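These are the residues of each chain, in order.
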Amino acid sequence: FVSAKGGCGATTLACHAAVQLSRDAGQETLLMDLDFAAGIVRMLLKSKSRYSVMDALNNVQRLDTSYWKAIVSNGIPRLEVLGGPAEVYPPEAANTDAIRQVVRFARMQYPWSVTDLGHGASIALFAALEELDELYLVTTLEVPALYQAKRLAECLNKRGYHRAAIRLVVNRTPRRNELT
């Protein structure tokens, strides 16, 4: 899940989707927070782990099943959470190769995984892109959000990401809409 711009609700939708997916599928599901600026998945799901995605990124060479189980948290049956960093990290703090390796490793551990990629054209989005089966681009019906959604979709298309894999989600749609 990625927001066209901040405040569109991608994090909330990612949390709801992961919880529901773990229930409906009846299989282990991962919710990973790669939003280095906000990282509120941990707060929304009341995760108590002191570890974050930064621990995985900074220890890629140690990634194995036992290390992974030590850094993820759970509290909801069949849902494990790898929260975002406790502090705000500048985009350059994350290594694109490490992000790709962590996403790839996580995909091997779970039948289902959901990732919060923050908003806009972030380093996390482009690093994880080749590992994503589907991308939910979340926007609202505000002109700036729609404009950013269009720009991001065009950017993804230019980078070779399959247009058919992008799902546009219009969040918080009013009953009466002034836009056509």
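For the structure itself, consult the block above.
The structure displayed is predicted, hence computed values, not measured ones. Note on numbering: residues in each chain are counted from 1, in written sequence order. The predicted nature of this model means local features are confined to residues of pLDDT at least 70 and side-chain atom pairs, given and counted, to a pLDDT of 80 or more, with totals for whole chains, interfaces and linings taken over all residues. Water and hydrogen atoms were dropped before computing side-chain values, which therefore reflect all heavy atoms in the structure.

A. Fine view of the pairing of strand S4 (residues 79-82). Burial classes: relative accessible area under 20% of the type maximum marks a residue as buried, over 50% as exposed, and values in between as partly exposed (1.4 Å probe, protein chains only). Only DSSP runs of H or I with at least four residues qualify as helices, and only runs of E with at least two residues qualify as strands; both kinds are numbered from the N terminus onward. The alternating pattern of S4 places Leu 79 and Val 81 on one face and Glu 80 and Leu 82 on the opposite face, and all of these are buried. A pair of strands is considered paired only if DSSP assigns at least 2 bridges between the two. In terms of strand pairing, strand S2 (residues 29-33) meets S4 through four bridges, oriented parallel. By the bridge assignment for S4, Leu 31 is matched with Val 81. With three bridges joining them, strand S3 (residues 73-76) and S4 adopt antiparallel strand pairing. Paired with Asn 74 across the two strands is Glu 80, which belongs to S4.

B. Layout of a nonpolar patch on the surface. Within this analysis, patches are made of residues with over 30% relative accessible area and no salt bridge. Like charges are joined at 9 Å or less; nonpolar side chains (Val, Leu, Ile, Met, Phe, Trp, Tyr) at 5 Å or less. All accessible-area figures derive from a Shrake-Rupley calculation using a 1.4 Å probe, and residue coverage is judged against the displayed protein chains alone. What makes a salt bridge here is a side-chain nitrogen of Lys or Arg within 4 Å of a carboxyl oxygen of Asp or Glu, nothing more. Residues Ile 40, Met 43 and Leu 44 make up a contiguous nonpolar surface patch of roughly 260 Å² in combined accessible area. By the secondary structure assignment, Ile 40 is in the loop between S2 and helix H2 (41-44). Overall, Ile 40 belongs to the partly exposed group, its relative accessible area being 34%.

C. How the structure looks around helix H7 (residues 143-158). Helix span, as expected, comes to 1.5 Å for every residue beyond the first. An ideal rise of 1.5 Å per residue puts 22 Å on 16 residues; H7 measures up with 23 Å between its terminal C-alpha atoms. Close packing links the buried residues of H7 with strand S1 (2-3), helix H6 (123-128), strand S6 (135-139) and strand S7 (166-170). Taken from the residues just after H7, Gly 160 is the one with a positive phi, measuring 90°. We call two residues in contact whenever any of their non-hydrogen atoms come within 4.5 Å of each other.

D. A look at the packing of aromatic side chains. By convention, a stacked pair of Phe, Tyr or Trp rings (six-membered ring in the case of Trp) has centres within 6.5 Å and planes under 30 degrees apart, an edge-to-face pair has planes over 60 apart, and any other such pair is tilted. One pass over the full model with this rule turns up two aromatic pairs. With a centroid separation of 4.9 Å and an interplanar angle of 15°, the aromatic rings of Phe 1 and Tyr 136 are classed as stacked. Taken together, the residues Phe 1 in the segment before S1 and Tyr 136 in strand S6 connect sequence positions 135 residues apart. What makes Phe 1 buried here is its relative accessible area of 12%. On the basis of relative accessible area, Tyr 136 is assigned to the partly exposed category, the value being 27%.

E. Unusual backbone geometry, seen in detail. Residue Lys 46 is not a glycine yet carries a positive backbone phi of 55°. Looking at where Lys 46 falls in the secondary structure, it is placed in the loop between H2 and helix H3 (53-58). Residue Lys 46 is classed as exposed on the basis of its relative accessible area, which comes to 65%. We note that Arg 78 has phi near 65°; this positive angle belongs to a residue other than glycine.

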